[in-house]
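# Fold and contact review
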Amino acid sequence: MSSSPDLTLQEVLDLQAELYDGFSEPEFQEALRELEAIHGKAYRNYTDDHTKLFLTVQNKVLPRYGFDKGQAGVLQMLSVGARYNDNEEFCSNRALLNELIGMAPAIGEQVELKEKKALPPRPYSQQLLITESLRWAPSLTTRHWQPQQSHLDEAAARFQLAEDVDFKQPDPSGM
């Protein structure tokens, strides 16, 4: 795998436009409909057949921008594109591309999904622990956050009050 090219925002937007043109071709869309009739949309059931079909367009476009062919080139493209995740036009284009190739539901499908009944909960043994899905935000790590002294003083006072209270065990006879 060669190194990823250093593309400007405009070059990435041009790349997205070329991919959109390729994925919009009638031959590609017909092949995609046939594939989805067998396997369903990629966002619901992604298969190797989806990858092979997507590569028919990606392998024509990506090398023109300095990316490798195949999955290696797709990964390079995604890495380069991630630099522009804060750009509204880039994100909008990505959403359109994903919808066009079935990697995201169409707007009408999103409404349909919300109207369907919720899936039954996973068995307990398959559920994620809350700690498995948490992500630390860099600005909230303990290195950056320090409690205010007033909060520490209040906690110490509450602790002292709890120590001063004489907790009596109830008399089992009820007296």
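Each residue is numbered by its place in its chain's sequence as written, counting from 1. For a predicted model such as this one, the threshold for reporting local features is a pLDDT of at least 70, and the threshold for listing and counting side-chain atom pairs is 80 or more; totals across whole chains, interfaces and linings nevertheless cover every residue. As a convention, hydrogens and water are excluded, and side-chain values are obtained from all of the structure's heavy atoms.

By the naming in an unreviewed UniProt entry, the chain goes by Protein C10 and is assigned to Durusdinium trenchii.

With 25 residues, the main nonpolar core has Leu15, Leu19, Phe23, Phe28, Phe67 and Met77 as its most contacted residues. Broken down by secondary-structure element, the contributors of at least two residues to this core are α1 (9-24), α2 (26-39), α3 (48-61), α4 (70-81) and α5 (88-100). Here phenylalanine 28 is in contact with Gly22, Phe23, Leu53, Phe54, Thr56, Val57 and Ile101, once residues within four sequence places are set aside. For our purposes a nonpolar core is just a set of buried Ala, Val, Leu, Ile, Met, Phe, Trp, Tyr and Cys residues, chained together by side-chain atoms within 4.5 Å. A simple rule labels every residue: compare its accessible area, found with a 1.4 Å probe on the protein chains alone, to the largest value its type can have, and call it buried under 20%, exposed over 50%, or partly exposed in between. Helix and strand definitions follow DSSP, with helices as H or I runs of at least four residues and strands as E runs of at least two, each counted in order from the N terminus. We call two residues in contact whenever any of their non-hydrogen atoms come within 4.5 Å of each other.

To pair, rings of Phe, Tyr and Trp, with the six-membered ring standing in for Trp, must have centres within 6.5 Å; the planes then decide the type, stacked if under 30 degrees apart, edge-to-face if over 60, and tilted in the middle. Taken as a whole and judged by the stated rule, the model has four aromatic pairs. On the basis of an interplanar angle of 50° and a centroid distance of 5.0 Å, the ring pair of phenylalanine 23 and phenylalanine 28 is categorised as tilted. For the residue pair phenylalanine 23 and phenylalanine 28, the accessibility class agrees, reading buried in each case. Taking 6.2 Å as the distance between ring centres and 70° as the angle between the ring planes, the aromatic pair formed by phenylalanine 23 and phenylalanine 54 counts as edge-to-face. Here the residue phenylalanine 23 occupies a position in helix α1, and phenylalanine 54 occupies one in helix α3, the gap between them amounting to 31 residues. You'll find phenylalanine 23 and phenylalanine 54 in the same group, each marked buried. Aromatic ring contacts, followed pair by pair, group Phe23, Phe28, Tyr46 and Phe54 into a single cluster.

How two helices pack is summed up by the angle between their axes together with the distance between the axes. With their axes 11 Å apart at the nearest point, α2 and α3 run at an angle of 175° to one another. Between α2 and α3, the angle falls in the class roughly antiparallel. Across the interface between the two elements, Phe28, Ala31, Leu32, Leu35 and His39 from α2 touch Asp49, His50, Leu53, Phe54, Thr56 and Val57 from α3. In the scheme used here, Gly and all other residues not listed as nonpolar or charged are polar, with Ala, Val, Leu, Ile, Met, Phe, Trp, Tyr, Cys and Pro taken as nonpolar and Asp, Glu, Lys and Arg as charged. Of the residues in the contact of α2 with α3, the class split is seven nonpolar, three polar and one charged. Here an angle of 0 to 180 degrees is reported between the N-to-C directions of two axes, which are lines fitted to C-alpha atoms, with helices fitted over the stretch in contact. Any angle that is under 35 degrees is reported as roughly parallel, and any over 145 degrees as roughly antiparallel; angles of 65 to 115 degrees are reported as roughly perpendicular and all others as oblique.

The next point concerns the environment of glutamine 16. By the element assignment, glutamine 16 lies in helix α1. Assessed through its relative accessible area of 6%, glutamine 16 is described here as buried. Taking the C-alpha atoms as reference, glutamine 16 lies 9.7 Å from glycine 81; in sequence the two are 65 residues apart. Beyond its immediate sequence surroundings of up to four residues, glutamine 16 is in contact with Phe90, Asn93, Arg94 and Leu97. Any pair of N or O atoms that falls within 3.5 Å is considered a polar contact. Within protein, one atom must be able to donate a hydrogen and the other to accept it, and sequence-neighbouring residues count only if both atoms are side-chain atoms. Among the polar contacts listed, one links the side chain of glutamine 16 to the backbone oxygen of phenylalanine 90, at a separation of 3.2 Å.

This brings us to the pattern of salt bridges. When a carboxyl oxygen of Asp or Glu is within 4 Å of a side-chain nitrogen of Lys or Arg, the pair counts as a salt bridge. All chains considered together, the criterion is met by four salt bridges. Close ionic contact of arginine 33 with glutamate 30 constitutes a salt bridge, the shortest N to O distance being 3.2 Å. Here arginine 33 and its partner glutamate 30 are both found in helix α2, three residues apart, which amounts to about one turn of the helix. With relative accessibility at 35%, the residue glutamate 30 sits in the partly exposed group. Residue lysine 41 is joined to glutamate 36 by a salt bridge in which the shortest nitrogen-to-oxygen separation is 3.7 Å. Under the relative-accessibility criterion, glutamate 36 is labelled buried at 16%.

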